[in-house]
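# Inside the fold
Here is how the chains run, residue by residue.
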Amino acid sequence: MRDTHLHIERISKSYGTVQALSEVDLQVARGAFVCLLGPSGCGKTTLLRIIAGFEQASSGRLLQDGSDITAMAPHRRGFGMVFQSLALFPHMSVAENIAYGLKLRKASRAEQADRVEELLTVIELPHIADRPVSALSGGQRQRVAIARALAIRPKLFLLDEPLSALDAKLRDNMQIELRRLQQSFGVTTVLVTHDQTEALMLADELVVLNQGVVQQTASPTEVYRNPATPFVADFIGAANLLPATVTSLGTLGILGQDTGLAVSQAPGSTLQAAVRAEAITLERGAETGTVSFARDLGPVMEWLVETQGHEIRVRGAGGAAPAQTGDRVGLRFDAERITVFAA
Ligand code: ATP
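Rules used in this analysis
- Residues numbered from 1 in each chain as written.
- Predicted model: local features only at pLDDT ≥ 70, side-chain atom pairs only at ≥ 80, totals over all residues.
- Heavy atoms only, no water.
- Near = heavy atom within 4 Å.
- Polar contact = N/O pair within 3.5 Å; in protein donor to acceptor, adjacent residues only side chain to side chain.
- Areas by Shrake-Rupley, 256 points an atom, 1.4 Å probe, with all protein chains shown as cover.
- Helix = DSSP H or I, 4+ residues; strand = E, 2+ residues; numbered from the N terminus.
- Nonpolar A, V, L, I, M, F, W, Y, C, P; charged D, E, K, R; others polar.
- Pairing = 2+ DSSP bridges.
- Axes fitted to C-alpha atoms, helices over the stretch in contact; angles between N-to-C directions.
- Disulfide = S-S within 2.5 Å.
- Buried < 20%, exposed > 50% of the residue type's maximum accessible area, 1.4 Å probe, protein only.
- Contact = heavy atoms within 4.5 Å.

Further remarks concern the site of the ligand. All residues in the neighbourhood of the ligand are listed as Tyr 15, Val 18, Ala 20, Pro 39, Ser 40, Gly 41, Cys 42, Gly 43, Lys 44, Thr 45 and Thr 46. Contact between the ligand and Gly 43: an oxygen atom at 3.0 Å from a main-chain N or O atom of the residue. Note that an oxygen atom of the ligand is positioned 2.5 Å from one of the side-chain N or O atoms of Thr 46. The fraction of the free accessible surface of the ligand (640 Å²) that becomes covered by protein chains is 56%. Those elements that place two or more of their residues in the shell around the ligand are β2 (18–29) and α1 (44–52). Of the residues forming the shell around the ligand, the biggest block, three residues, is contributed by α1. Within the shell around the ligand, the residues separate by chemical class into five nonpolar, five polar and one charged.

Encoded structure:
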């Protein structure tokens, strides 16, 4: 049976006429790493602030281990938080920053010292305990902020875009580190991000939001392979959303081509197909469309192919002589990797 730590029960939030969240219902399992993912303005920060207690829901409840905490003051919830701004105390040392929450909670000096030492070891910064935070690099500050939040042994760990100010390389390292820390502490974690790569990399469970409505809640693999809505298909990964029809054989036709994928709808029905860029292969010698753009992404090549008023994104190994702009090419769809939606 699933051990629910936090139940977000049909939470809605409106600001005047803006409906920021509509009936969001989520059960966060104990020890899970959940990522709230969606475009700017989808309501993810609002949801995190409601969980933290900084914002009150218009309706719905928040249950922690079955107890209603909807109206509980933020400081009484005992949650650890890291925001993009980090909000470290610049005039304090690394150790003082980490001990801050423990001091507020009137932990003994010995307990503070032990916990700080333990966390400094975990974040691999024991040698800079006495340095002021203002003299640290971005990545080091990030680690101190995470250690400070974890020092109080939080019941829930909440993070809002904590890595977005870091450069790509450091961000990648910090993602791995954050995931390791979360697993070693076993703390139930909710992280907000608009970066799908980050969410796919970190999450046990992804919650994709659009305009305040949960589109899908599932593992990253499931969200990637079986997107629940056209929005999810489009938002995660590089997908093509294309009009499709059911052929007389009961298979899916895309751009006048039979993909061979059997569908249950009646022949002649109009549908919508989501096809990932890497589920399409370019064929030389055929003339479905014209390459309008080609670029080398390193591990793979990417092409845009113009055909029948559509621009299709294709990714794959280019081989010895990859297709170039202006080439006439055919497209082959991998039937196993097509998701079909009602039109
Ligand atoms: P971003 O990634 O840009 O931070 P988000 O997904 O976190 O976006 P929210 O900040 O949760 O989105 O905002 C959701 C919606 O609620 C937006 O339309 C926003 O303009 C609106 N909103 C948020 N806070 C307030 C507020 N205090 N007053 C009025 N409207 C607000």
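We now examine the sheet that holds strand β17 (residues 301–307). Taken together, the five strands give an open sheet; going across it, the order is β15-β19-β16-β17-β18, and neighbouring strands pair in antiparallel fashion. Of all the strands in the sheet, just β15 (280–283) and β18 (310–316) have a single pairing partner and so form its edges. Ignoring which end each strand starts from, the neighbouring axes of this sheet average 40° apart. When strand β16 (residues 289–296) meets strand β19 (residues 328–333), the two strands line up antiparallel, connected through two bridges. The partner of Thr 290 across the bridge, within β19, is Arg 328.

On to the pairing of strand β11 (residues 239–246), then. Relative to strand β14 (residues 270–276), β11 runs antiparallel, the two sharing seven bridges. Along β14, the bridge assignment pairs Ala 239 with Arg 276. Here β11 runs beside strand β12 (residues 251–254); their pairing, made up of three bridges, is antiparallel. Looking at the pairing, Ala 244 lines up with Ile 254 of β12. Between the end of β11 and the start of β12, which pair antiparallel, lie four residues, with Gly 250 showing a positive phi angle near 80°.

Turning our attention to the state of the cysteines. For the structure shown, the criterion picks out zero disulfides. Looking at Cys 35, it has no disulfide partner, and the nearest cysteine sulfur is the one in Cys 42, 13 Å off. Residue Cys 35 is classed as buried on the basis of its relative accessible area, which comes to 0%.

Spatially, the six strands line up as an open sheet ordered β6-β7-β8-β3-β9-β10, and their pairing is mixed. Two strands in the sheet have a free side with no partner beyond their single neighbour: β6 (80–83) and β10 (213–218). Each adjacent strand pair in this sheet contributes to an overall mean axis angle of 15°, direction not counted. Looking at chain direction, strand β7 (residues 157–160) and strand β8 (residues 189–193) are connected through four bridges and run parallel. Bridging from a neighbouring strand, Leu 158 pairs with Val 190 of β8. On top of the sheet, helix α5 (residues 138–151) reaches β6 and β7; it is set at about 160° to β6, its chief contact. On top of the sheet, helix α6 (residues 168–185) reaches β3 (33–37), β7 and β8; it is set at about 135° to β3, its chief contact.

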